[in-house]
Amino acid sequence: MIPVNSVLQVGHFPEIMQAEIDRRFTPTRHLDPQAPAPAGNFEAILIRSNTKLPEALVKQIPSIRLVATCGVGYDNLPLTYLKQHGIKATNTPGVLNDAVCELAIGMMFGLLRSLPEAQEYVKSLAWSQAPFKLTTTLAGKRVGIAGMGRIGQDLAKRLEPFKVAIAYSGPNPKPLPYTHYVSVKDLAKNCDVLFLACPATPDTDRMINAEVLEALGATGYLINIARGSVIDETALLYALQHKKIAGAALDVFDNEPNPNTTFLHLDNVLLTPHIGSATAETRIAMTNLAVDNLEAFFTHQPLLSEVHH
């Protein structure tokens, strides 16, 4: 049981997620994270991973002992402050792997086969004037995955039937049947399609820069299902505009939900509005795991998915 008036829900949750929260317990809602904290001895905060939790808000509530974020990313939490004050954090890994990987595969084929453009070609009646352009086959290509964690490994399993050679980058090799590269630049040099599936950390900030894009090359494709901060967007825009790479599929951006408008005028991109986990089934599962962590905290059980920060 989660006691009444013990959890502060920070920020807006979509209707389907809010319904699940309200079914299981009664939070105190605080829709504007920048507003002063409401009065109360809250012990936990519930927040979505795409909502930034201001350190100033947590400071106003000295009774806080847990922050449960609904999402796999925790880059929007003030981790240093939480650690200094012994405040635990949880996230919701695993339950969104299927949805994120499904989108990643869909984006890959959408990009390689120009599917959005092909639909417009039919709708505009241009097909009656001339055949659609030739596109690119995936089979026989080399696919790289930057970040071989839970999502990266699930993505690799889905890619195996497509007759591709799979490689990955990361500081240490894992017991997996794929080629390992320490540096993402070496991975980019040796693949045709590069997926980004790494967490947003200081180590991965602007990891995909002009040098890496140059290594990916004019026939290479980039697909980002990680975080916008992983890419130097200025370098990427230059590479796309000057055909330094063949194309990019992006589900995440630096300035969401208002990405750089230059992306909107390019013909070699496929853009989606950060919908990796945006299926009804996944959002309900994420919400339930976040609430399960809250229940574990209040019943003095081990946390199900603690972030070790």
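That block above? That's the structure.
1. Describing the overall build of the protein chain
When helices and strands are counted, the protein chain shows 10 helices and 13 strands. The C-alpha atoms of the protein chain give a radius of gyration of 21 Å, which matches the 19 Å a tight globule of 309 residues would have. Viewed in the frame of its principal axes, the protein chain has a C-alpha envelope of about 65 × 45 × 35 Å. Burial analysis of the protein chain (309 residues in total) assigns 50% to the buried set. Expressed as a percentage of contacts within the protein chain between residues at least 6 apart in sequence, the contacts between residues at least 24 apart total 57%. Of the roughly 15,100 Å² that the protein chain leaves accessible, carbon and sulfur atoms contribute 54%. With 26 positive and 29 negative side-chain charges, the protein chain shows a spacing of 3 Å between the two charge centroids.

2. Some remarks on the sheet that holds strand 6 (residues 142-146)
Overall, parallel pairing links the 7 strands, which are arranged 8-7-6-9-10-11-12 in an open sheet. Looking at the sheet topology across the chains shown, the edges are occupied by strand 8 (179-181) and strand 12 (269-271). Averaged over all adjacent pairs, the angle separating strand axes in this sheet is 15 degrees, with direction ignored. As paired strands, strand 10 (residues 221-224) and strand 11 (residues 247-250) are joined by 4 bridges and run parallel to one another. In the strand pairing of strand 11, Asn224 is matched with Leu250. Running over the sheet, helix 4 (residues 97-112) touches strand 9 (193-196), strand 10, strand 11 and strand 12 and is turned about 150 degrees from strand 10.

3. A few points about the nonpolar core
With 49 residues, the main nonpolar core has Leu46, Met108, Ile145, Leu159, Val193, Phe195 and Leu294 as its most contacted residues. Among the elements that line this core, the one with the most residues is helix 4, at 9 residues. Residues in contact with Val193, not counting those within four places in the same chain, are Met108, Leu112, Leu138, Arg142, Val143, Gly144, Tyr221 and Ile223. Counting residues in each nonpolar core, the second largest holds 31 residues, with Ala188, Leu194, Leu237 and Leu240 among its members.

4. Observations concerning the pattern of salt bridges
Applying the stated criterion to the full structure yields 13 salt bridges. The partner of Asp254 in a salt bridge is Arg206, and the shortest N-O contact between them spans 3.2 Å. Here Arg206 lies in the loop between strand 9 and helix 8 (210-216) and Asp254 lies in the loop between strand 11 and strand 12, a separation of 48 residues in the sequence. With relative accessibility at 34%, the residue Arg206 sits in the partly exposed group.

5. Considerations on the environment of Ile284
With respect to the secondary-structure elements, Ile284 resides in helix 10 (residues 280-298). Classification of Ile284 as partly exposed rests on a relative accessible area of 28%. C-alpha of Ile284 to C-alpha of Pro27: the two residues are 257 residues apart in sequence and 17 Å apart in space. Residue contacts for Ile284: discarding those within four places in its chain leaves Ile16 and Glu20.

6. Observations regarding unusual backbone geometry
With an omega of 5 degrees, the peptide bond running from Glu256 to Pro257 counts as cis. Secondary-structure assignment places Pro257 in the loop between strand 11 and strand 12. The phi angle at Lys243 is positive, at roughly 55 degrees, despite the residue not being glycine. Position of Lys243 among the secondary structure elements: in the loop between helix 9 (233-241) and strand 11.

Rules and cut-offs
- Residues numbered from 1 in each chain as written.
- Predicted model: local features only at pLDDT ≥ 70, side-chain atom pairs only at ≥ 80, totals over all residues.
- Heavy atoms only, no water.
- Helix = DSSP H or I, 4+ residues; strand = E, 2+ residues; numbered from the N terminus.
- Rg over C-alpha atoms; globule rule 2.2 N^0.38 Å.
- Buried < 20%, exposed > 50% of the residue type's maximum accessible area, 1.4 Å probe, protein only.
- Contact = heavy atoms within 4.5 Å.
- Areas by Shrake-Rupley, 256 points an atom, 1.4 Å probe, with all protein chains shown as cover.
- Lys, Arg positive; Asp, Glu negative; His and termini not counted.
- Charge placed at Lys NZ, Arg CZ, Asp CG, Glu CD.
- Pairing = 2+ DSSP bridges.
- Axes fitted to C-alpha atoms, helices over the stretch in contact; angles between N-to-C directions.
- Core = buried A, V, L, I, M, F, W, Y, C linked by side-chain atoms within 4.5 Å.
- Salt bridge = Lys/Arg side-chain N within 4 Å of Asp/Glu carboxyl O.

The analysis is restricted to geometry; functional conclusions fall outside its scope.
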